[in-house]
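Structural overview for review
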2 protein chains.
Amino acid sequence: MTKSLPASFMLSIIRLESQLPTPLYRQIYEALRQAIITRHLDAGVRLPSTRDLAEVLLVSRNTVINAIDQLIAEGYLESRTGSGTFVTSELPEESLSAFVNHTPPEPHPLPKRDLSEHGTRYDWLAQRFSMPRVSPPPSSLAFNVGVPDLRAFPFEQWGQMAARHFRDHPPLAIGSEQGLAGYLPLREAVAEYLRVARGVRCETEQVFITAGTQQSLYMAVRLLCNAGDAAWVENPLYSPVRNVLYAEKISLVPIPVDDEGLDVEAGIHQAPHAKLVYVTPSHQFPTGSTLSLARRMKLLHWAEQAGAWILEDDYDSEFRYSGYPLASLQGLDVHNRVVYMGTFSKVLFPGLRLGYVVAPPDLVKAFVGARAVMGYTLPLEPQAITTQFIREGHFTRHIRRMRKLYAERRDVFMEEAARYLGGLLEFGPSDAGMHVIAWLPKGMDDRQVWEAAARQGLRTPPASTFYVGNTSPRQGLLLGFSPITPDEIRTAMPKLAQAIEEVMTQSADSSSPSR
Amino acid sequence: MTKSLPASFMLSIIRLESQLPTPLYRQIYEALRQAIITRHLDAGVRLPSTRDLAEVLLVSRNTVINAIDQLIAEGYLESRTGSGTFVTSELPEESLSAFVNHTPPEPHPLPKRDLSEHGTRYDWLAQRFSMPRVSPPPSSLAFNVGVPDLRAFPFEQWGQMAARHFRDHPPLAIGSEQGLAGYLPLREAVAEYLRVARGVRCETEQVFITAGTQQSLYMAVRLLCNAGDAAWVENPLYSPVRNVLYAEKISLVPIPVDDEGLDVEAGIHQAPHAKLVYVTPSHQFPTGSTLSLARRMKLLHWAEQAGAWILEDDYDSEFRYSGYPLASLQGLDVHNRVVYMGTFSKVLFPGLRLGYVVAPPDLVKAFVGARAVMGYTLPLEPQAITTQFIREGHFTRHIRRMRKLYAERRDVFMEEAARYLGGLLEFGPSDAGMHVIAWLPKGMDDRQVWEAAARQGLRTPPASTFYVGNTSPRQGLLLGFSPITPDEIRTAMPKLAQAIEEVMTQSADSSSPSR
């Protein structure tokens with residue numbers, strides 16, 4: 001399965017120039033990195049041995065090893081004991097959530113062997129997913145975005161509930177409780193929770209249990225849009241939305257976001273006949289702004305007039321630390337134009353992989369059909385335990401506890417940020433959610449900071465990668481405070497400051513000689 | 001949400017003719033049943049009160065009550081205490097697996113409010129799912145098809161493993177083990193199992209964990225077929241396939257099945273340029289035949305020539321009671337034209353909702369992309385427990401135990417069938433699987449037998465509903481022997497004989513006067 005390259009082929013990729021001031025190992029590093037990013041070297045490809053490489057490149061073996069080691073450290077290559085060095089083949093799931101930011105090629109990518117038109121698009125997307133990334137060790141929690149503190153989750157209790165479930169309620173009846181729309185008692189519990197906590201107007205039959213937001217999103221887009229329809233998206237944007245729209249051949253219309261959230265007026269101006277709007281009204285991802293009431297009303301009014309659908313992604317609204325939470329957009333909608341989505345990944349744990357989507361009443365049947373055909377059924381037991389967790393009051397207590405915990409962390413985070421980064425970065429709203437956005441001073445490159453921070457063991461997704469279209473993206477970092485303790489925040493913050501400083505110095509160095 | 005009908009509207013549906021020999025209650029019953037089947041009465045609609053109905057129809061209230069009671073007993077209507085009588089709104093998942101047998105309307109169904117073209121198809125399908133069915137109480141296990149004996153499953157042990165999992169390995173790292181393709185250790189375990197037990201040629205990276213066959217199927221069809229492509233299906237057919245093909249606008253080409261399985265020659269004759277073949281080579285569903293080696297080779301040869309893809313559904317191959325099992329079709333394929341699908345629902349338990357699909361090597365990326373975009377991730381813990389169950393040897397032991405158990409039941413079933421139904425029915429192969437097909441004598445209607453058997457508390461899905469296209473379907477019953485003990489088989493068999501006798505008598509009665 002693994003292609004191995006002849007060393008001579010590498011000459012077409014790596015062209016060394018000994019008269020350049022850049023050291024040779026750095027030239028090899030840059031050339032390989034570039035080839036991997038542009039897919040001239042495919043994921044999974046095996047490199048020639050360092051000995052062979054050194055031979056064809058006419059350099060010492062140590063020079064090659066230096067370059068390769070750096071690329072391994074940064075995650076572009078991986079070494080497998082006994083079998084060689086490979087272009088990184090697969091990345092964990094989280095890679096999907098952020099860094100897919102390459103404008104899909106139009107016209108269409110070349111079809112693969114007998115794949116369908118959509119299949120070709122999926123193939124192309126997957127090539128993007130496996131783009132190498134700067135990746136600190138998985139154990140590093142600072143400053144992971146959108147991730148709950150799992151050390152504070154009662155897993156032992158959860159496991160005991162699971163054991164009791166299988167002992168007392170083994171699933172002896174086939175499919176009797178698991179309808180096509182999900183485990184009925186969980187749908188009831190979610191409907192009740194959403195009515196009370198989020199002001200969602202819904203009956204149980206409108207609630208579908210999904211494997212999380214991605215599934216809700218795909219199902220909704222597929223049901224609501226034809227190929228060629230236009231969809232407004234927030235800019236910057238929760239990136240997976242983009243993949244779904246690309247896969248379904250929906251044309252993407254990026255709409256700017258400001259401190260009142262999505263600029264509805266701009267949307268109406270740019271694409272008055274759009275079919276779909278993706279929006280995060282409670283807590284815009286990633287900037288953190290809240291969609292103002294005036295814009296909510298305008299959006300709903302326009303949607304009703306235009307026959308458009310609104311996908312409301314209410315991904316972390318449980319965590320608001322000051323002021324009153326605005327109820328859901330769906331709750332304001334009297335014309336049933338809103339499809340509401342939520343997830344248990346933030347308030348419980350991501351490995352649970354459960355979320356929900358609330359369909360407008362007259363779309364319930366279509367959702368049932370989609371769920372059946374697409375095979376969106378889910379294991380029964382995790383749904384049953386989640387139901388019990390809600391019904392017995394653990395859910396509300398856990399949210400309350402985590403809200404308090406995250407509020408404290410947010411406070412420590414903002415204090416430490418002011419101490420170490422004060423005046424340097426401009427912070428977005430921190431009154432809600434699990435992360436805060438920190439804008440960099442003009443002229444700084446957030447990818448450079450991201451790479452420097454990764455070398456410190458920190459995760460700081462660059463804001464620019466969340467922008468779509470031809471706008472020049474604002475440079476910043478997404479900094480999650482939810483999974484780390486105050487002490488961990490205090491340890492991580494000076495490292496972040498150091499990484500930023502490093503990049504500032506480099507920028508100064510590299511710009512001064514040429515000016 | 002619930003529409004209620006004025007009693008006068010019922011006059012447009014029920015037209016009584018007092019001069020007919022058919023009793024009035026039966027006329028009302030037939031008219032309502034017809035209106036429900038043809039969707040003149042929508043699912044969820046509330047009927048007028050029996051008093052009001054009696055008034056507008058000019059009959060006694062008892063006459064109306066007789067008709068309504070019969071329709072409730074047969075599952076067309078349901079009574080909700082205090083709120084009236086409704087057209088049955090939703091059926092459990094199993095309804096999907098069998099009884100959707102209405103030819104999709106062409107041209108296209110009317111679009112619903114702003115739904116996409118596909119959305120409209122899903123909506124239409126869901127209307128079909130909620131077709132009322134004759135439904136014995138869920139507790140009734142005889143003769144459920146494709147269902148394991150869950151009373152013999154070690155749920156207590158499974159639950160203890162779940163408790164230990166959450167205690168010892170709480171999912172503290174985010175997504176590190178759960179890649180887009182499923183839990184890596186489970187993919188490894190499945191690859192190993194399939195290589196050894198089913199002769200599947202695969203590496204771990206080709207294996208994707210899914211929520212079962214439906215999900216595998218949808219993903220494959222979406223990746224491999226464009227709208228308008230043709231697909232061969234077996235006739236009779238595992239019905240859900242049909243829904244997927246309809247939803248994706250794939251044109252369905254039914255190919256006859258005989259005792260060597262799919263008639264490949266007929267397929268090549270009917271649709272030489274088809275893009276896809278759905279096939280159950282180990283144990284054709286529902287007839288039980290095995291695809292012969294000659295046909296396997298012919299099919300693979302044609303697929304390679306035609307650039308077609310083969311979806312191999314190996315749904316219950318673990319249960320073969322005599323002779324050597326033929327290895328998978330995929331294992332014979334040297335051109336990577338086969339997508340192989342399997343499920344844990346039969347060998348473990350359906351509520352687990354786990355299955356797998358093995359992609360050809362060059363389609364792996366496209367599958368990864370589809371899985372990411374479609375949100376086909378799954379809860380981690382059921383995957384982890386399944387892995388442990390396999391790794392610790394429980395899986396192989398459980399299969400061996402169940403194979404022995406089912407073989408005994410098959411023996412008892414065939415003995416009892418010979419005693420009570422001998423000479424009356426013609427049985428299909430019983431050397432493998434969890435059910436056997438019993439063909440009825442010419443002239444008998446399998447739906448009538450099905451209804452009569454349901455009144456005896458038996459499930460006997462009618463074979464005719466699995467046929468597609470314009471062929472006149474062969475009449476028969478699918479009889480599952482796997483979930484019931486020998487004693488339960490001995491109790492159920494005379495009831496089945498009685499139901500068949502009842503229908504034979506009725507047929508004789510109704511045909512004799514007119515001849």
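Definitions and limits used
Residues numbered from 1 in each chain as written. Chains lettered and ligands numbered in written order. Predicted model: local features only at pLDDT ≥ 70, side-chain atom pairs only at ≥ 80, totals over all residues. Heavy atoms only, no water. Helix = DSSP H or I, 4+ residues; strand = E, 2+ residues; numbered from the N terminus. Buried < 20%, exposed > 50% of the residue type's maximum accessible area, 1.4 Å probe, protein only. Contact = heavy atoms within 4.5 Å. Areas by Shrake-Rupley, 256 points an atom, 1.4 Å probe, with all protein chains shown as cover. Salt bridge = Lys/Arg side-chain N within 4 Å of Asp/Glu carboxyl O. Axes fitted to C-alpha atoms, helices over the stretch in contact; angles between N-to-C directions. Parallel < 35°, antiparallel > 145°, perpendicular 65-115°, else oblique. Nonpolar A, V, L, I, M, F, W, Y, C, P; charged D, E, K, R; others polar. Pairing = 2+ DSSP bridges. pLDDT = per-residue confidence, 0-100. Patch = residues over 30% accessible without salt bridge, like charges linked within 9 Å, V, L, I, M, F, W, Y side chains within 5 Å. Core = buried A, V, L, I, M, F, W, Y, C linked by side-chain atoms within 4.5 Å. Phe/Tyr/Trp six-rings, centres within 6.5 Å; stacked < 30°, edge-to-face > 60°. Lys NZ or Arg CZ within 6 Å of the ring centre and 35° of its normal. Buried area = accessible area lost by both parts, 1.4 Å probe. Polar contact = N/O pair within 3.5 Å; in protein donor to acceptor, adjacent residues only side chain to side chain. Left-handed = near helix turned anticlockwise from the far one by under 90°. Lys, Arg positive; Asp, Glu negative; His and termini not counted. Least-squares fit on C-alpha atoms with pLDDT ≥ 70 in both.

Overview of the overall build of chain A
A count of helices and strands for chain A gives 15 helices and 15 strands. Within chain A, the fraction of its 515 residues that count as buried is 61%. Here the analysis covers contacts within chain A between residues at least 6 apart in sequence; of these, 74% occur between residues at least 24 apart. Taken as a whole, chain A presents about 19500 Å² of accessible surface, with 51% of it coming from carbon and sulfur.

Overview of the environment of Ala454(A)
Residues and elements named next belong to chain A. Tracing the backbone shows alanine 454 in helix α14 (residues 446–455). The exposure class assigned to alanine 454 is buried, which follows from its relative accessible area of 11%. Placed 388 residues apart in sequence, alanine 454 and asparagine 66 show a C-alpha to C-alpha distance of 19 Å.

Here's the deal with the pattern of salt bridges
On inspection of all chains with the given rule, the structure shows 38 salt bridges over all chains. In this structure, the salt-bridge partner of Arg490(A) is Asp487(A), at a minimum N-O distance of 3.1 Å. Here the residue Arg490(A) and the residue Asp487(A) both occupy positions in helix α15 (residues 486–514), the gap between them amounting to 3 residues, near one helical turn. Judged by relative accessible area, which is 37%, Arg490(A) ranks as partly exposed. Two residues, Glu408(B) and Lys404(B), come together in a salt bridge whose shortest N-O distance is 3.9 Å. Here Glu408(B) and its partner Lys404(B) are both found in helix α14 (residues 394–421), 4 residues apart, which amounts to about one turn of the helix. Given a relative accessible area of 39%, Glu408(B) falls into the partly exposed group. A network of salt bridges, in which partner residues are shared, links Asp149(A), Arg151(A), Arg409(A) and Glu488(A).

A short note on the packing of helix α11 (residues 364–374) of chain A against helix α8 (residues 213–224) of chain B
Taken N-terminus to C-terminus, the directions of α11(A) and α8(B) make an angle of 90°; their axes are 7 Å apart at the nearest point. One finds that α11(A) runs roughly perpendicular with respect to α8(B). Residues Ala372(A), Val373(A) and Met374(A) of α11(A) touch α8(B), and the partners they reach there are Gln214(B), Gln215(B) and Tyr218(B). Class assignment of the residues belonging to the contact of α11(A) with α8(B) gives a composition of 4 nonpolar, 2 polar and no charged.

Things to note about the pairing of strand β11 (residues 338–343) of chain A
All names here are of chain A. Along β11, 6 of the 6 residues are buried, which leaves the element largely enclosed by surrounding structure. Of the two faces of β11, the one carrying Val338, Tyr340 and Gly342 and the one carrying Val339, Met341 and Thr343 are both buried. Relative to β11, strand β10 (residues 309–313) runs parallel, the two being bridged by 4 bridges. Counted as the bridge partner of aspartate 313 is methionine 341 from β11.

Focus: the sheet that holds strand β15 (residues 476–480) of chain A
On the basis of which strands lie adjacent, the open sheet formed by 3 strands has the order β13-β14-β15 (chain A) and antiparallel pairing. Both outer strands of the open sheet, β13 (426–427) and β15 of chain A, are each paired with one neighbouring strand and no more.

Quick word on the confidence of the model for chain A
Considering every residue of chain A, the mean pLDDT works out to 86; 88% of them sit at 70 or more. Scored as a complex, the prediction yields pTM 0.80 and ipTM 0.78.

A closer look at a nonpolar patch on the surface
On the surface, a cluster of nonpolar side chains totalling about 320 Å² of accessible area is made up of Leu293(A), Met297(A), Leu326(A) and Leu332(A). Position of Met297(A) relative to the elements: it lies in helix α10 (residues 293–306).

Some words on the nonpolar core
In this structure, Phe344(A) and Phe344(B) are the most contacted members of the largest nonpolar core, which totals 140 residues. Those residues in contact with Phe344(B), other than ones at most four positions away along the chain, are Leu186(B), Val190(B), Phe349(B), Leu352(B), Leu354(B), Gly355(B), Tyr356(B), Thr386(B), Ile390(B) and Phe395(B). Residues Ile250(A), Val368(A), Tyr218(B) and Leu237(B) belong to the second largest nonpolar core, which totals 88 residues.

Brief notes about the packing of aromatic side chains
In total, this model carries 47 aromatic pairs over all chains according to the counting rule given. Aromatic pair Phe344(B) and Phe395(B): ring centres 5.8 Å apart, planes at 75°, arrangement edge-to-face. Pair noted here: Phe344(B) is in the loop between β11 (338–343) and β12 (355–358) and Phe395(B) is in helix α14, with a separation of 51 residues, a long-range link. We classify Phe344(B) as buried; its relative accessible area is 1%. Joined through ring pairs, the aromatic side chains of Phe153(A), Phe155(A), Trp158(A), Phe349(A), Phe389(A) and Phe166(B) make up one cluster. Stacked on the ring of Phe86(A), the Lys or Arg Arg80(A) has its end atom at 3.8 Å from the ring centre.

Some points on the interface of chain A and chain B
Residue-level contacts link 87 residues of chain A with 92 residues of chain B. For the chain A and chain B pair, buried surface summed over both sides reaches about 7500 Å², with 62% attributable to carbon and sulfur atoms. There are 2 salt bridges connecting chain A and chain B. Across the pair Glu248(A) and Arg222(B) runs a salt bridge whose closest N-O atoms are separated by 2.6 Å. Counting across the chain A and chain B interface gives 25 residue pairs in polar contact (both at pLDDT 80 or more). Secondary structure elements with two or more residues in the side of chain A that touches chain B: α4 (117–129), α5 (155–168), α7 (213–224), α8 (240–247), α11 and α12 (380–391) of chain A.

Examining the sheet that holds strand β8 (residues 261–262) of chain B
Where strands meet in a sheet, backbone hydrogen bonds hold them as pairs that are either parallel or antiparallel. All names here are of chain B. Spatial ordering of the open sheet is given by β5-β12-β11-β10-β9-β6-β7-β8, a layout of 8 strands whose pairing is mixed. The open sheet has two edge strands with one neighbour each: β5 (207–210) and β8. Where strand β6 (residues 230–235) lies against strand β7 (residues 251–258), 6 bridges are found, and the strand directions are parallel. Within β7, the position partnered with glutamate 234 by the bridge is isoleucine 255. Along the sheet, helix α9 (residues 240–247) contacts β6, β7 and β9 (276–279); its crossing angle with β6, the most-contacted strand, is approximately 165°.

Notes on the packing of helix α6 (residues 155–168) of chain B against helix α13 (residues 380–391) of chain B
In a packed pair of helices, the relevant descriptors are the angle between the two axes and the axis-to-axis distance. All names here are of chain B. Two elements in contact, α6 and α13, have axes separated by 10 Å at closest approach and are oriented at 115°. Pair α6 / α13 crosses with right-handed handedness. Taken together, the residues of α13 that come into contact with α6 (itself represented by Gln157, Trp158, Met161, Ala162, Arg164, His165 and Phe166) are Glu381, Pro382, Ala384, Ile385, Thr386, Gln388 and Phe389. Here the contact of α6 with α13 is built from residues that sort into 8 nonpolar, 4 polar and 2 charged.

Quick word on the side chain of Asp313(A)
All names here are of chain A. Relative to the helices and strands, aspartate 313 is located in strand β10. Within the buried core, aspartate 313 has no salt-bridge partner, and the shortest N-O distance to an opposite charge, that of lysine 346, equals 8.3 Å. Reaching out from aspartate 313, the side chain makes a polar contact with the side chain of tyrosine 278 at a distance of 2.6 Å. Residues in contact with aspartate 313, not counting those within four places in the same chain, are Thr213, Tyr238, Tyr278, Val279, Thr280, Pro281 and Met341.

Observations concerning the relation of the copies chain A and chain B
Mapping chain A onto chain B calls for a rotation angle of 180° and an axial translation of 0.1 Å; the resulting RMSD is 0.3 Å. The relationship between the two copies is best expressed as a two-fold rotation axis. Closest approach to the rotation axis within chain A is made by the C-alpha atom of Ala163(A), at a distance of 2.6 Å. Comparing contact sets, 100% of the residues at the interface of chain A also lie at the interface in chain B, consistent with an isologous, same-surface contact.

Observations regarding unusual backbone geometry
The omega angle of the peptide bond from Asn235(A) to Pro236(A) is 5°, so this bond is cis rather than trans. By the secondary structure assignment, Pro236(A) is in the loop between β6 (230–235) and α8. Within the chain, Arg353(A) stands out as a residue other than glycine whose phi angle is a positive 50°. Looking at where Arg353(A) falls in the secondary structure, it is placed in the loop between β11 and β12 (355–358). Residue Arg353(A) is classed as buried on the basis of its relative accessible area of 14%. Of note in the backbone geometry, Asn336(B) takes a positive phi value of approximately 55° without being a glycine. With respect to the secondary-structure elements, Asn336(B) resides in the loop between β10 (309–313) and β11. Asn336(B) sits in the partly exposed class, given a relative accessible area of 29%.

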